[in-house]
Structure formats: C-alpha cells, structure tokens
Amino acid sequence: MALAGGIVETAVPPIQRVHRIRTHLGLSIASLLAGLAVAAVTAVALDRFYDSLGVAGTARTVWAIGLTALAATVTVVLAACGSMAVARSVRAARLIPEDRVAARASGAAAKDWQWYVAGLSVTALVVAFFAFFLSANDGAVRDQYLNWDAIDEFLPFLWKGFWLNIKVFVVAEALVLVWGLVLALARIFPGKAGRPVRFLAVAYIDLLRGFPAIITIYLIVLGFQAGDVPPFDQLQGGTKLFWLSTTALALVYGAYVAEVYRAGLESIHWSQTAAARSLGLSYGQTMRYVITPQAVRRIIPPLLNDFIGLQKDTALLSVIGLLEVLNRARLTSNKLFNLSPNLAAGVAFVLVTIPLARFTDWLVARQARARAGG
Amino acid sequence: MAFLELDGVYKQFGANHVLRGVDLHVDEHDVVCLIGPSGCGKSTLLRCINALEEIDGGTIRIDGEQASGRGVDLDGLRQEVGIVFQSFNLFPHMTVLQNVTLAPRKVLGLTRKQADDRALTLLARIGLDAKARDYPDRLSGGQQQRVAIVRALAMHPRLLLLDEITSALDPELVSEVLNIVRELADEGMTMLLATHEMSFAREVSSKVCFLDEGVICEEGPPDQIFGDPRNDRTRIFLKRIIEAGRL
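Residues numbered from 1 in each chain as written. Chains lettered and ligands numbered in written order. Predicted model: local features only at pLDDT ≥ 70, side-chain atom pairs only at ≥ 80, totals over all residues.

## Some thoughts on the overall build of chain A
Thinking step 1. A count of helices and strands for chain A gives 11 helices and zero strands.
Thinking step 2. Along chain A, from the amino end to the carboxyl end, the secondary structure elements read α-α-α-α-α-α-α-α-α-α-α.
Thinking step 3. The C-alpha radius of gyration computed for chain A amounts to 31 Å, which surpasses the reference 21 Å derived for 374 residues by more than 25%, pointing to a less compact arrangement than a globule.
Thinking step 4. Residues counted as buried form 30% of the 374 residues belonging to chain A.
Thinking step 5. For chain A, the share of sequence-separated contacts (at least 6 apart) that also reach a separation of at least 24 residues comes to 77%. (Helix = DSSP H or I, 4+ residues; strand = E, 2+ residues; numbered from the N terminus. Rg over C-alpha atoms; globule rule 2.2 N^0.38 Å. Buried ≥ 20, exposed ≤ 12 C-beta atoms within 10 Å, placed from the backbone. Contact = placed C-beta atoms within 7 Å.)

Written out as structure tokens, the structure reads:
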C-alpha cells in the first residue's frame, strides 16, 4: 500500500484492469475461406500458364507434373493452416469455462495459424500474378521472355560473352581496391598542408560519383582511343578495348569505394589513434598498423555491395562495343526479334550476384554476432 | 629541478576553458595523485603532458627538456612518457603479445625475438603470459587493463600517466590492477595518476593534488589533504565522497 503523498501516488480514479480471453474465431473462419480462395486463383493461374507453354514431349510432361504439384501443395497447405486456425479458436471457446490460461494459449495459437495463412496467401498471389502475366495474349508475353529456341541459339555466345564480363570484373575489382584506398587516405590527409590534397580527392570523388557512369565510359574509352593516350596506344584491338574499359570502370568505382574506405577509417574510435600515438608510433605507422587493418575488416560487407554493383555495371561496356554478354544478347535478340537472350544474360549476372549477396549477409550477421558477444 | 614541470598550463576547447593555469611539479620516483570532481580537467591535463592535446598557454618540461609547443620531438617525448587510459584502448585486431610488441618493434626497432622475449617477461610478471596469444576480447576488463599497463611499460617510459584506469572496471577487478600500480610505486616508477579511488590515493601517493575548475586548489601530502584539508572546495568535495561511502 503506497503512502498518501509518497513517491508512488494512489491512482485516482482507481484503474480497472480487465483480463480478456480472445478466441479469434471470426478471423479464423475468414482466413480459412480466404486461403481456399487464394488456392483456387493460384490453380487457375498455373493452369493458364501451362496452356501457354510452347514446349512439347517429355518437357511438357515434366512441366505438367511440376505445376500440378505446386498447385496441390499450395491448396493443401493453405487449407491445413486455415483449418488449424479454426480448430484452435473452437478449442479456445470450449476451454473458457474450465481453464482460462489454456483458453488464452489456444486463442494465441489460432492467431499464429492465421498469420501463416496470410503470409502464404501473399506469396501464392504473387506467383499467380506472374503466371497470369506470362500467359497473357495466348502466351505472346511468355514467348518474348522465355523462347526456348532463342535461348538455345544464344547459349554458346552467352558463355563467351559472360566470360569477358567476369574478366573485366575481376581485374577492375583489384584496381578499385588499391585506387579506392589511395583516394580515401588522400581524402582524410591531416593538417593544413593536406588541404589541397583533400580538396583534390573530394573533387575527384564528387565528380566521378556525380557523372553518369555511362558518360565517363564514353569519354574515357572513346576519348583515349581517339587521342592515342599512352600506355593504351601500345595495345591493339580487343586487348586495347578490354584495358580501356576496365580502367574506365575502375576509375568510376574507385570513387564509390573511396567513400566506403573513408567511412571505415573514420569509424575507428579516436581512442585507438590516441593509444597508438601515445606509444610513439607516427601518423603513418598508426594508419598502417592500427587503423587501416581494423577499418578493412569492418568495411568488407559494404565493399562487397559495391562489387555487386561493379559486376552488374560491366554490362554498361556494351555501349562502347565491347563484345560482352549484353552486346552479344542484343545481337541475337535483334536477329530473332525476341527478348529471351537478354533475360538469359540477366540470369547469368544473377547467378554470380546471389552467392555474393548471401556471403555479404553472412558476414554482416557474423559481425553483428561478434559485437553482441564482445 | 623537478622531473616534470608544468607552469601555467592553459587549455581550452572552444569557449570551454578546461585548464586555467596549472602549476605542478613531479619529482623523480614521485607518485602524484590528481583528485577532483568529474570534468575538472584531470584527464585533459594528463593528455596534454603526453601531447595528445596541444596546450594553449604555459609550458611543460620533462627532465628539463621542453615538452610542449612547436619545438618538441613528439614521438621522442611519447617514448619517455607512457599513458594508460580509462577504457584500456587495446588494439582489438592484435593478440596480447602483438599489442605489447608493436611499439618496441616499430618505434625502438627491436627484432621480433627481442620484443617477444621482453614482452613475455613483463606479461609473466603480471601473471598473463598464458594469455599472450589471445585476443583482447577474450580477456576480462581487469586483465585487459593489466595488459594495457604492460604495453606502456614495454617502451620503458620514465614517466607513467594513469588516467582513471579502474573507472571502467567491475568492483571485484579493481584490486588486481591497483596491485600492479602499487608494485610499480614500490619499484620507484614516476607516476602521475588521475583517480577516484581515494583510499588507494591516500595509501600509494607521495603527493595529492586537488584539481577544480581548471586549477590546482590545494596540494600536499596525502594525510594532510585527506585528514586536514585547508581549502573550502577540497572540504566540500571530500565531504561528498565520504557521504557516498567511498572513503
């Protein structure tokens, strides 16, 4: 009992606290019905998609089995989750007179099952939407994106072209790692004397990040060719184009990566610098042995993000005539009046970016764990 | 001539005048404790002596050599003056051994073998040689702070600055750190420490300075400062410490 006028005041008027029991029965029945409706829509959509497929023979049977299994799974799972929700709600209602706690627990379980239905329904509807979309106009849309013959014809060129993308990506990445660090260190160069250096670095970063990459690529690749800029004038044909393209991309992405490095360097607490300098280490030694090693560890995830961007942007090099995958896809597309090769080229990129993205996620999660544990 | 001499040291951060003319003399083998309320400038004063902060007025001399302003060999000065921080500031990407040997190798030019041997000897003295290959995050706060002390000692400083080195520690870990300081005092290491551990200050120091609002209000032998403070502000400060049960 709180003392009158004490720190814990008596509540005026007294608070009425109600402990309700919710069975969620109405929503459970609604979710069961909604789930069944979604399953029906999905089944119709998949059926339409199947009709629009331009495949024959064994492939057709495989598609039939796969799509039927998908429709059946969606129906069974949605119906099961909906039924569970209703069953838990009914049980909750039945338990109210006997055991209020168990009744509430059962009501909460019903709510969980309703959420399962909601989540699965949204997913099924998105799948259904794409199935409808692709089957529109008697499969004309599907034929534009998934023409098996066109993809078949393109495949050999795809590997040839994409191999070039990978080469550009790997070489540019190595250049960017070094160039970005140089720019970042220039950007945080200390003291009054460092001001012009900092200004130059900022100007470079602002400029190359502000310029659309495609313009920079035009200017550097075509300009350096026309102007016979050394050392590129010593190279010939494809090799020349490769190195010019790679350099252009590295110059652009160096600006982005410089900002990542800078953020990493500045994220290391000044007390680390204080500790290092107090031991007699010079500024350079402090950067080299204490700050940069810690920063590099921290920036690996954002760095990989930029690399995913760099890997995709190798496709920009198609505009200056490098025979990379997008250029080759376009050649085949134009010949066949069909977009499927472009989609196939896109898939090739995705196959590389997805593992890279998951690897990045894993690193981020691991760092978060390490911080929480430390 | 005292080993460390501060004359009218002045320091401001913007409009905030942290040190307003500090005069302080520390003789060789002295252990001087700085006490005073939070924000009175204890830490800033230590950081100025190590030239981690530039002073705005006055002079600092170490062994007669100018240690402030433009005419000072910063890296040389810092080799003579070690500092241990409240938050340890170990390098998290290096093992204990690498933490201790980095400066001796890169600044003093010792070989890895020489530096390792000396570091292991020092670590053995504080009972942490078994942890030499561990990273700092595997160590308790008390162990980390002991390593930080050894890291400073590995440079063989002639003056050791200790900046509230037990303030970030759990109470039961304080004694293991203070014991090292006690040993160093017995061995004659010249030390200047900012601390809130009043009974430790009374026990270990040869001189106690009460710092408030950027000046040293009162200084004297520990028994006089704690037993018979003459300055009003010192009295009020100590009264509050006693009320909090810390003395």
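## Some thoughts on the interface of chain B and chain A
Thinking step 1. Contact residues are listed per partner, giving 18 residues for chain B and 17 residues for chain A.
Thinking step 2. Those elements that provide at least two residues to the side of chain B that touches chain A are helix 2 (74-80) and helix 3 (96-106) of chain B.
Thinking step 3. Looking at side-chain class alone, the side of chain B that touches chain A contains nine nonpolar, five polar and four charged residues. (Nonpolar A, V, L, I, M, F, W, Y, C, P; charged D, E, K, R; others polar.)

## Some thoughts on the domain arrangement of chain A
Thinking step 1. Taken domain by domain, chain A consists of domain 1 (25-139) and domain 2 (150-373).
Thinking step 2. Centre-to-centre separation of domain 1 of chain A and domain 2 of chain A, based on C-alpha positions: 44 Å. (Domains from an automatic or database assignment.)

## Some details on the sheet that holds strand 9 (residues 207-212) of chain B
Residue and element names in this part refer to chain B.
Thinking step 1. The strand order across the open sheet built from six strands is 6-7-8-3-9-10, with neighbouring strands paired in mixed fashion. In this open sheet, the two edge strands, each paired with only one partner strand, are strand 6 (81-84) and strand 10 (215-220). Across the sheet, the mean angle from the axis of one strand to that of its neighbour is 20 degrees, orientation sign disregarded.
Thinking step 2. In this structure, strand 7 (residues 159-163) lies alongside strand 8 (residues 191-194), joined through four bridges in parallel fashion. Along strand 8, the bridge assignment pairs Leu162 with Leu193. (Pairing = 2+ DSSP bridges. Axes fitted to C-alpha atoms, helices over the stretch in contact; angles between N-to-C directions.)

## Notes on the environment of A:Val352
All names here are of chain A.
Thinking step 1. Tracing the sequence through the fold places Val352 in helix 11 (residues 340-373).
Thinking step 2. For Val352, a count of 16 C-beta atoms within 10 Å puts it in the partly exposed group.
Thinking step 3. Sequence spacing of Val352 and Phe307 is 45 residues, and the spatial spacing of their C-alpha atoms is 11 Å.

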